[in-house]
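# Fold and geometry: a report
For reference, the chains in residue letters:
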Amino acid sequence: LLRLQEGAKDLDALLRGSTWRLDLSADELSPAETEERLKALRGQFGYTDEQVVESAVRGELPAEPSFVEWLALLGRGDLLAPR
């Protein structure tokens, strides 16, 4: 995917809405950094962690990279698997 993004910029622009790259995993952040990022996501979207998890369980979470990151930071990557 990275080669596609670098070599085929026009095609990448068409696909960009459905693909993204996350450079950091929750394992690479300290607990303080994780909490800081979660706080920023809560402030940006106005949701609680519980609301995000509940929406994911119901299959109603928007297809937005920030919500994927949010679930990963909460250690709930299991909710990202297709059902």
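Our subject in this report is the structure included herewith. (Residues numbered from 1 in each chain as written. Predicted model: local features only at pLDDT ≥ 70, side-chain atom pairs only at ≥ 80, totals over all residues. Heavy atoms only, no water.)

Our next topic: the packing of helix α4 (residues 49-58) against helix α5 (residues 65-73). Relative to each other, α4 and α5 sit at 105°, their axes nearing to 11 Å. The orientation of α4 with respect to α5, classified from their angle, is roughly perpendicular. Side by side, α4 and α5 meet where Asp-49, Val-52, Val-53 and Ala-56 of the first sit next to Phe-67, Trp-70 and Leu-71 of the second. Residues of the contact of α4 with α5, tallied by class, amount to 6 nonpolar, no polar and 1 charged. (Axes fitted to C-alpha atoms, helices over the stretch in contact; angles between N-to-C directions. Helix = DSSP H or I, 4+ residues; strand = E, 2+ residues; numbered from the N terminus. Parallel < 35°, antiparallel > 145°, perpendicular 65-115°, else oblique. Contact = heavy atoms within 4.5 Å. Nonpolar A, V, L, I, M, F, W, Y, C, P; charged D, E, K, R; others polar.)

Right, let's talk about the nonpolar core for a bit. Nonpolar side chains tend to gather and get buried jointly when the protein is soluble and globular. With 10 residues, the main nonpolar core is built from Leu-38, Leu-41, Val-52, Val-53, Ala-56, Phe-67, Trp-70, Leu-71, Leu-73 and Leu-79. Per element, the largest residue contribution to this core is 4 residues, and it comes from α5. Those residues in contact with Leu-71 that lie beyond four places of it in its chain are Val-52, Val-53, Ala-56, Leu-61, Arg-76, Gly-77, Leu-79 and Leu-80. (Core = buried A, V, L, I, M, F, W, Y, C linked by side-chain atoms within 4.5 Å. Buried < 20%, exposed > 50% of the residue type's maximum accessible area, 1.4 Å probe, protein only.)

We now examine the packing of aromatic side chains. Considering all chains together, one arrives at 4 aromatic pairs under this definition. Look at Phe-45 and Phe-67: their rings are 4.6 Å apart centre to centre, the planes differ by 45°, and that puts the pair in the tilted class. Highlighted residues: Phe-45 in helix α3 (residues 31-45) and Phe-67 in helix α5, separated in sequence by 22 residues. Since its relative accessible area comes to 24%, Phe-45 is described here as partly exposed. When the centroid spacing of 5.9 Å and the interplanar angle of 35° are considered together, the rings of Tyr-47 and Phe-67 count as tilted. Of this pair, Tyr-47 sits in the loop between α3 and α4 while Phe-67 sits in helix α5, and the two are 20 residues apart along the sequence. Every member of this aromatic cluster is reached through a ring pair, and the members are Phe-45, Tyr-47, Phe-67 and Trp-70. (Phe/Tyr/Trp six-rings, centres within 6.5 Å; stacked < 30°, edge-to-face > 60°.)

Any functional reading would require information that these geometric values do not contain.
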